[in-house]
Amino acid sequence: MRLGVMTSGGDSPGMNAAIRAVVRTAIHQDMGVVGIMRGFLGIACDAPDVKDLDTDSVSNILQRGGTILKSGRCPEMLTEEGRERAAAHLREAGVDVLLAIGGNGTMQGLQALLNHWNGGLILLPGTIDNDCGGTDYTIGYDTALNTALDSIDRIRDTAEAFDRVFLVEVMGRHCGALAVGAAIAGGAEEVIIPETPTDLEALARRLIEGQKLGRGTSIVVVSEHDDAGNAPEIAGWLGENYSIDTRVCVLGHTQRGGRPTADDRILASRLGVYAVRLAQETQGRVAAVVGVRSDKVVTTPLAEAVKEGGHLDPGLADLVAELSR
Ligand code: F6P
């Protein structure tokens, strides 16, 4: 059996650890592995961009952020022609099972490929957003969370020195998991997420009330793509309408890079090994997401995981309000 492995969409710390686990397990089982470069771009383009991988290709990468296979966003996969080309290039490369490490967009790309490709497809959820069905945690979420937390701790130092209100914008696309996690762990006073409508008037009142009660510093964690706008826009609104003086810090792509935490390395290694075994046990007849549920590695059919989507426990956001009182 020959496996194809690729990383697709926003890179996340731990992707390299997953590639390493896939390649080492496959070689140990006498399977061949081909690396597909730049995600779907490496197969949906005119000529396939692939390379054979061996044990040496994955040595000394476990601890590195980013991805040795590079990543990409591939609009061609939104077209029938692009998907047909991707399937043809997978056949040309002799791939029996495609193992894709990526997030929601990658999952949807795999689902779309199903109509054109009769080989196996396995998604290893890898994204800082933690917005995938079929798993409690995605590879990279823990590292990004700790990176955001480190920044929030630093921001609190300077915020306290001036008794300031800070808006800290974190990534997450349309999922507030990163924001809520960082807000709880960082002791933020407020968190704003896309899953719930944001009432800016109420936010302003709470901030003013807090100041009256003697709370000098407030940290508001803002998830990107909130319905009220991004952090600079919300800061502008608070200033114009309530004369609240704020400072803004947009953490941006710093959250995507850096050495993966131990948790992300372990998760990536577990999912990599499991995915290869699944490919072998099913003899390639598989379309699934491998993930963790209550710390057990599990398989979820791809179609089911696509429907499930990301899931943020709504009660978690309430903790932020409860604990800032
Ligand atoms: O999906 C990961 C992610 O970092 C999101 O949190 C963010 O919205 C997006 O990717 C940014 O994408 P890009 O790096 O293409 O600007």
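For the structure itself, consult the block above.
Note that the structure is predicted; figures quoted are calculated from it, not measured.

Criteria and thresholds
Residues numbered from 1 in each chain as written. Predicted model: local features only at pLDDT ≥ 70, side-chain atom pairs only at ≥ 80, totals over all residues. Heavy atoms only, no water. Helix = DSSP H or I, 4+ residues; strand = E, 2+ residues; numbered from the N terminus. Buried < 20%, exposed > 50% of the residue type's maximum accessible area, 1.4 Å probe, protein only. Polar contact = N/O pair within 3.5 Å; in protein donor to acceptor, adjacent residues only side chain to side chain. Contact = heavy atoms within 4.5 Å. Core = buried A, V, L, I, M, F, W, Y, C linked by side-chain atoms within 4.5 Å. Pairing = 2+ DSSP bridges. Axes fitted to C-alpha atoms, helices over the stretch in contact; angles between N-to-C directions. Near = heavy atom within 4 Å. Areas by Shrake-Rupley, 256 points an atom, 1.4 Å probe, with all protein chains shown as cover. 1 Å grid on protein atoms, 1.4 Å probe; cavity = no way out; pocket = protein on both sides within 12 Å on 5 of 7 lines; lining within 4 Å. Sits in = over half its atoms within 2 Å of the grid points. Right-handed = clockwise from strand over helix to strand, strands pointing away. Expected span 1.5 Å × (residues − 1). Arc of directions from axis to C-beta. Salt bridge = Lys/Arg side-chain N within 4 Å of Asp/Glu carboxyl O.

**Q** A description of the side chain of R156 should follow, citing residues and the corresponding values.
**A** Tracing the chain through its elements places R156 in helix 5 (residues 141-162). Residue classification places R156 among the buried positions, given a relative accessible area of 18%. Separated by 2.7 Å, the side chain of R156 and the backbone oxygen of G187 make a polar contact. Apart from the residues lying within four places of it in its own chain, the contact partners of R156 are G186, G187, A188, E189, T217 and I219.

**Q** Which residues make up the nonpolar core, and what values do they have?
**A** Ranked by size, the top nonpolar core spans 34 residues in total, and within it L3, L99, I122 and L124 carry the most contacts. Among the secondary structure elements, those contributing two or more residues to this core are strand 1 (2-7), helix 1 (15-28), strand 4 (97-102), strand 5 (120-125), helix 9 (262-281) and strand 10 (287-293). Other than its neighbours up to four places away in sequence, L124 contacts A18, V22, L99, A100, I101, G102, L271, G272, A275 and V290. Counting residues in hydrophobic clusters, the runner-up holds 28 residues, among them A144, F166, A179 and L312.

**Q** Talk me through the sheet that holds strand 5; I want residue IDs and the actual numbers.
**A** Ordered by their spatial adjacency, seven strands build an open sheet running 3-2-1-4-5-10-11, and the pairing between neighbours is mixed. Strands with a single pairing partner mark the edges of an open sheet, and in this sheet they are strand 3 (50-52) and strand 11 (296-301). On average, each strand axis in the sheet is inclined to that of its neighbour by 25 degrees, with strand direction left out of account. Note that strand 5 and strand 10 share three bridges and pair parallel. Among the inter-strand pairings, L123 is bridged to a residue of strand 10, identified as V289. Docked against the sheet, helix 4 (residues 104-113) engages strand 4, strand 5 and strand 10, running at close to 170 degrees with respect to strand 5. Helix 9 contacts strand 1, strand 4, strand 5, strand 10 and strand 11 of the sheet and is inclined by roughly 145 degrees relative to strand 10.

**Q** Explain the site of the ligand to me, and be specific about the residues and the numbers.
**A** Lining the immediate surroundings of the ligand are R73, T127, I128, D129, M171, G172, R173, E224, H253 and R256. A distance of 2.5 Å separates an oxygen atom of the ligand from a polar side-chain atom of E224. At 2.8 Å, a side-chain N or O of R256 approaches an oxygen atom of the ligand. Protein chains shield 76% of the accessible area of the ligand, which is 400 Å² for the free molecule. Judged by the fraction of its atoms near the pocket grid, the ligand is located in the largest pocket.

**Q** Could you give me a rundown of the sheet that holds strand 7 (residues 190-192), with the residues and numbers involved?
**A** Pairing is parallel in the open sheet, where four strands are placed in the order 7-8-6-9. Each of the sheet's edge strands pairs with one partner strand only, and the pair in question is strand 7 and strand 9 (246-250). Averaged over all neighbouring strand pairs, the angle between strand axes comes to 20 degrees, with direction disregarded. In this sheet, strand 9 lies alongside strand 6 (residues 165-170) in parallel orientation, the contact comprising five bridges.

**Q** Before we move on, can you summarise the pairing of strand 5 with the specific residues and values?
**A** Counting buried positions along strand 5 gives six out of six residues, so the element sits mostly inside the fold. For strand 4 and strand 5, the ladder comprises six bridges, and the chain directions are parallel. Each residue of the ladder has a partner; that of I101, found in strand 5, is L124. In this region the chain leaves strand 4, passes through helix 4 and returns to the parallel neighbour strand 5; the handedness of that crossover is right-handed.

**Q** An account of helix 8 (residues 231-242) is requested, with residue identities and associated values reported.
**A** Across its 12 residues, helix 8 extends 16 Å between first and last C-alpha, which sits within 8% of the 16 Å expected from 1.5 Å per residue. Of all the positions in helix 8, only A231, I234, A235 and L238 are classed as buried. An end-on view of helix 8 places all buried positions within 105 degrees of arc, on one side of the element. If you follow the buried residues of helix 8, they end up packed against strand 6, strand 7, helix 7 (200-212), strand 8 (218-223) and strand 9.

**Q** Explain the pattern of salt bridges residue by residue, including any values.
**A** Applying the stated criterion across every chain, the model contains 13 salt bridges. Two residues, D150 and R154, come together in a salt bridge whose shortest N-O distance is 3.1 Å. Placement of both D150 and R154 in helix 5 is noted, with a separation of four residues, approximately one turn of the helix. With its nearest N and O atoms 3.2 Å apart, the salt bridge here joins R247 to D245. A single network of salt bridges, built from pairs that share partners, joins D136, R293 and E308.

**Q** So, the pairing of strand 11: which residues are in play, and what are the values?
**A** As defined by bridge partners, strand 10 adjoins strand 11 across six bridges and the pair is classed as antiparallel. Bridge pairing in strand 11 links A288 to P301. Connecting strand 10 to the antiparallel partner strand 11 that follows it, the hairpin turn spans two residues, and S294 within it adopts a positive phi of roughly 45 degrees.

Purely geometric stuff here, so don't read any function into it on its own.
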